[in-house]
Structure formats: C-alpha cells, structure tokens
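Notes for the structure review
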Amino acid sequence: MTTQELVKQIHAKKSFLCIGLDVDLEKVPAHLLQEEDPIFTFNKAIIDATHHLAVAYKPNTAFYEAYGLEGWESLEKTIKYLNENYPEIYTIADAKRGDIGNTSTRYAKTFFSHLNFDSITVAPYMGEDSVVPFLEFENKHTILLALTSNRGAFDFQTQKIDGEEVYKKVIQTSQTWKNHHNLMYVVGATKAEYFKEIRNIAPKNFLLVPGVGAQGGSLKEVCKYGLNEDVGLLINSSRGIIYASAEANFAEAAAIKAKELQAEMKEILDKI
C-alpha cells in the first residue's frame, strides 16, 4: 500500500486508528478456547467489528510466536483474512527485526513477500545495512524504532552523543538512506513533548504512536505537535480495545472503545 492510499483511507474514515492484535489466550473470552483456532477466531471477530473504524491493524508477532507453529499459522490466517476481506486496511507486522544485511533480506521476504504485510517494525541499532533490505521493497514501509513509550527508553534513546540525543541521530541519519520516503518511525505517546522536535527532523514521514490510553498518552497532545499535512500519524491501541470485555460481547465492546477513539480523531481532523 502506498502512503497516498493510506492517507485516502484516513480521510475517508475520519480515523487514524491502528488496532494492535496482541492476543493472549489467558485474556480472551473463555468460550473461545473451545475453538479449533481461538487466536484467529478472536482476531476475526475483532476485525469484523472494528474495520470501519480503523485504518490499520498491528499484530505483535511475539504473541503468535509464543504458541509455536499453531500461533504462526494463526498469524498467517489473520493477515490473509485482512488482505482478502479488507484490502484497504493497512497492515503492520510488529516484529522489531533488524540484523546483518543478508538476514534482514530474509526477514523482509518473510513479512513482505510471503505474508504480504504492508509494513514492519525494525530496530535500527545495527545501522544502515541492516535496514536497507527492507526499504528495497516497493510500496512497503519500514517503521524504525525511534523514541519508544517504555520506561527503559531513557536508558539509551535520550542519551546524548556530541550534544545530540540518540533518537534524533537515528531519525536524522535514516533520512539520508536510499528510499527513506518509505520510512515511518515509532514514537511513544507518553513522550508527547518530543513530537515538535521530531517533526522538525522528519516533517513528512508517518509516525506510529503507541501508548495512548492504557499507558497514559494524550491523543490531543500528540496531535498538537505530531500532525502534518497528510495527518502523518497512526495511533495504536491494543489492550484498551481488544480486551474491553472478556464476555461473549467482546467484539461489540471492542467496537465501542474503537468508536470512542475514532470520534476523537474525527473531531481533530474536522478542525484542520
């Protein structure tokens, strides 16, 4: 999916909501555990109930890999279901890959060619040659970890080298790489005060923003500093939506929570 196609969906749905499909079998409604594939059954119900409110879905691959081959098959079925039934939806493999060049090439083929995700999260610690293999895929996006929402982000990401924070150096340097227009960046909502400076470095790139809701991030604060002419934000919510209920009405409850966020987004978009 191109950036322009994503922007078109954002304006059509009046939403820049991304729903994280982080499925924990200890949290899904108990009756689903009797299903042949409870993970896919859960995902399908969530997707069917919320697809009109969201522009993206983001499975965190760790939640599937934890269940071995069966979990991986559930991930494959989920992305296939999305691509076949809701092709307008933008898909993100939250895999946080990143390795030496030939290994990254294999990761890129796995998620872009085999699974047909639109994008993947990548850790930039190993530098340009570990990221470029992802950027070589046309109409696919590479989402670099820049400034994350966890407490440990301050261990390295905000430390200074020659007077400049590491996360800024990551963004600035990556803007010089081949096909950098296909880059997005992960920036946590709990770091809203940093968005203004990030926008000065990367004014056109989309930002994937976790941390709104359950982690305490403010949608309005993020939008105040993070919006650009193409909106430029994908706000992710996982637990706050998919686990809104552990009862039989879990999908309907998820839709209600998604609608609340989408309504806030519509109000913001209507003002710009």
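Residues numbered from 1 in each chain as written. Predicted model: local features only at pLDDT ≥ 70, side-chain atom pairs only at ≥ 80, totals over all residues. Heavy atoms only, no water.

**Observations concerning unusual backbone geometry**
Here K14, not a glycine, exhibits a phi torsion of approximately 55 degrees, which is positive. Structurally, K14 can be placed in the loop between helix 1 (3-13) and strand 1 (17-21). (Helix = DSSP H or I, 4+ residues; strand = E, 2+ residues; numbered from the N terminus.)

**Some points on the side chain of D94**
Relative to the assigned elements, D94 resides in strand 3 (residues 90-97). For D94, a relative accessible area of 7% puts it in the buried group. Of the polar contacts made by the side chain of D94, one reaches the side chain of K96; its length is 2.7 Å. Within the local environment of D94, its side chain forms a polar contact with the side chain of T121, the two groups lying 2.9 Å apart. If we skip the residues at most four places from it in the chain, D94 touches K58, P59, N60, T61 and T121. (Buried < 20%, exposed > 50% of the residue type's maximum accessible area, 1.4 Å probe, protein only. Polar contact = N/O pair within 3.5 Å; in protein donor to acceptor, adjacent residues only side chain to side chain. Contact = heavy atoms within 4.5 Å.)

**Thoughts on the packing of aromatic side chains**
Here the structure, examined in full by the defined rule, presents eight aromatic pairs. Judged by centre distance (5.7 Å) and plane angle (90 degrees), the ring pair of Y167 and Y194 falls under edge-to-face. With Y167 in helix 8 (residues 166-174) and Y194 in the loop between strand 8 (183-187) and helix 9 (195-201), the pair connects residues that are 27 residues apart, well separated along the chain. Of the two residues, Y167 and Y194, both sit in the buried class. An aromatic cluster is defined as three or more aromatic residues linked by ring pairs; in this entry it consists of F40, Y81 and Y86. (Phe/Tyr/Trp six-rings, centres within 6.5 Å; stacked < 30°, edge-to-face > 60°.)

**Structural notes on the pattern of salt bridges**
If you walk through the whole model with that rule in mind, you get 13 salt bridges. The salt bridge involving K257 is made with E260; its shortest N-O contact spans 3.9 Å. Placement of both K257 and E260 in helix 12 (residues 250-270) is noted, with a separation of three residues, approximately one turn of the helix. Look at K257 and you get partly exposed, because its relative accessible area is 37%. The partly exposed category is assigned to E260, whose relative accessible area is 43%. Salt bridges linked by common partners bring K14, K266 and D270 together as one network. (Salt bridge = Lys/Arg side-chain N within 4 Å of Asp/Glu carboxyl O.)

**Description of the sheet that holds strand 2 (residues 56-59)**
The eight strands are arranged 1-2-3-4-5-8-9-10 in a closed barrel whose pairing can be described as parallel. Taken pair by pair, the neighbouring strands of this sheet meet at an average axis angle of 30 degrees, ignoring direction. Across four bridges, strand 1 lies against strand 2 in parallel orientation. In the sheet register, G20 faces strand 2, and the bridge partner there is K58. Lying over the sheet, helix 2 (residues 38-50) contacts strand 1 and strand 2, oriented at roughly 170 degrees with respect to strand 1. Contacts between helix 4 (residues 68-85) and the sheet are confined to strand 1, strand 2 and strand 3, with strand 3 contributing the most and set at about 150 degrees to the helix. (Pairing = 2+ DSSP bridges. Axes fitted to C-alpha atoms, helices over the stretch in contact; angles between N-to-C directions.)

**Here we look at helix 2**
Given a rise of 1.5 Å per residue, 13 residues ought to cover 18 Å, and the 18 Å separating the end C-alpha atoms of helix 2 matches this to within 8%. Within the sequence span of helix 2, burial applies to P38, I39, F40, F42, N43, I46, I47, A49 and T50. Of the surrounding elements, those touching the buried residues of helix 2 are strand 1, strand 2, helix 3 (62-65), helix 4, helix 11 (239-242) and helix 12. (Expected span 1.5 Å × (residues − 1).)

**Regarding helix 5 (residues 101-114)**
Taking 1.5 Å of rise per residue, 14 residues should cover 20 Å, and helix 5 covers 19 Å from first to last C-alpha, within 8% of that figure. Every buried residue of helix 5 is listed here: S104, A108, F111 and F112. Here the buried face of helix 5 lies against helix 4, strand 3, strand 4 (119-122), helix 6 (128-135) and strand 5 (141-147). With its phi angle positive at about 65 degrees, N116 sits one or two positions after the end of helix 5.

Such coordinate-based values are descriptive only and should not be taken to indicate function.
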